[in-house]
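# Structural characterization, general
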Amino acid sequence: WAVDETSGRISFSFADGKIVSAPAQVVGTYHVSEKTFTWGWKHPNVLPNLQRHAARVRDFGIEYGSEELTTQRIPCTEKRAWEFTALAVLLAEANGAYCLQTTPDTFVFLTFGEVELKHNVQAS
């Protein structure tokens, strides 16, 4: 897998030459040892073009008075991080969600849009 932060796309390459890609947004990061979730809407390592779906969750939290949706870093479980991501999928009308492990202690939760399938003719 690879994430192109500039274009905002996640892609997966397979041995048979197929490449699957989709637009992606960062919902937030989960830190295993700290048991904390940091929202993507103001994450220091997330580019502004990848924060839109997380910002929709924050706006929803403001509207309905939810502290956990409007506090940048909160204690939570990995299960709760998935629930936040599911809410982002719903509010942003995304096609799905994915979780990347970037370090042994950090998971990045993403939403993704319409999936494209291509075949790389050079991979034979």
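Just above sits the structure.
Not measured: the values here are computed from a predicted model. Within each chain, residues carry numbers counting from 1 in the order of the written sequence. The predicted origin of the model limits local features to residues at a pLDDT of at least 70 and limits the giving and counting of side-chain atom pairs to 80 or more, whereas totals for whole chains, interfaces and linings rest on all residues. To obtain the side-chain values, all non-hydrogen atoms of the structure were included, while hydrogens and water were left out.

This brings us to the pattern of salt bridges. Here a salt bridge means any side-chain nitrogen of Lys or Arg lying within 4 Å of a carboxyl oxygen belonging to Asp or Glu. For the coordinates displayed, the defined rule picks out seven salt bridges. In this structure, Arg9 engages Glu116 in a salt bridge whose closest nitrogen and oxygen atoms are separated by 3.6 Å. Highlighted residues: Arg9 in strand 2 (residues 9-13) and Glu116 in strand 8 (residues 116-119), separated in sequence by 107 residues. Take Arg9: its relative accessible area is 24%, and that puts it in the partly exposed class. The rule is simple: take the accessible area with a 1.4 Å probe, protein chains only, and divide by the maximum for that residue type; under 20% is buried, over 50% is exposed, in between is partly exposed. You can call Glu116 partly exposed: its relative accessible area is 36%. Among the ionic pairs, Asp16 bridges to Lys18, the shortest N-O distance being 3.0 Å. Shared partners join several salt bridges into a network, and the residues in it are Glu68, Lys79, Arg80 and Glu83. Every helix listed is a DSSP run of H or I at least four residues long, and every strand listed is a run of E at least two residues long, numbered separately from the N terminus.

Bringing the packing of helix 1 (residues 52-64) against helix 3 (residues 78-92) into the picture now. Whenever a helix is involved, its axis is fitted only over the stretch in contact; in every case the axis is a line through C-alpha atoms, and angles between N-to-C directions fall within 0 to 180 degrees. In the contact formed by helix 1 and helix 3, the axes pass within 9 Å of each other and the chain directions differ by 95°. When the interaxial angle is binned, helix 1 and helix 3 end up roughly perpendicular. Of helix 3, the residues touching helix 1 (which contributes His53, Arg56, Val57 and Phe60) are Leu87, Ala88, Leu91 and Ala92. Here the contact of helix 1 with helix 3 is composed, by residue class, of six nonpolar, one polar and one charged. Put simply, angles under 35 degrees are roughly parallel, angles over 145 are roughly antiparallel, angles from 65 to 115 are roughly perpendicular, and the rest are oblique. Two residues qualify as a contact provided that any one of their heavy atoms is within 4.5 Å of a heavy atom in the partner residue. The nonpolar class holds Ala, Val, Leu, Ile, Met, Phe, Trp, Tyr, Cys and Pro. Asp, Glu, Lys and Arg form the charged class, and all remaining residues, Gly among them, are polar.

The subject of this paragraph is the pairing of strand 6 (residues 96-103). The criterion for strand pairing is that DSSP finds at least two bridges linking the strands in question. Pairing between strand 6 and strand 7 (residues 106-112): seven bridges, direction antiparallel. Within strand 7, the position partnered with Leu100 by the bridge is Val108. The antiparallel pairing of strand 6 with strand 7 creates a hairpin that spans two residues between the two strands.

Moving on: the packing of aromatic side chains. We call Phe, Tyr and Trp rings a pair once their centres come within 6.5 Å, taking the six-membered ring for Trp, and we label the pair stacked below 30 degrees between planes, edge-to-face above 60, and tilted otherwise. Under the defined criterion, the tally for this structure stands at seven aromatic pairs. With a centroid separation of 5.1 Å and an interplanar angle of 80°, the aromatic rings of Phe12 and Tyr98 are classed as edge-to-face. Of this pair, Phe12 sits in strand 2 while Tyr98 sits in strand 6; the two residues are 86 residues apart in sequence, bridging distant segments of the chain. For Phe12, a relative accessible area of 21% translates into the label partly exposed. Assessed through its relative accessible area of 32%, Tyr98 is described here as partly exposed. Geometrically, the ring pair formed by Phe60 and Tyr64 is tilted, given 4.7 Å between the ring centres and 45° between the ring planes. Placement of the pair is Phe60 and Tyr64 together in helix 1, with a separation of four residues, close to one helical turn.

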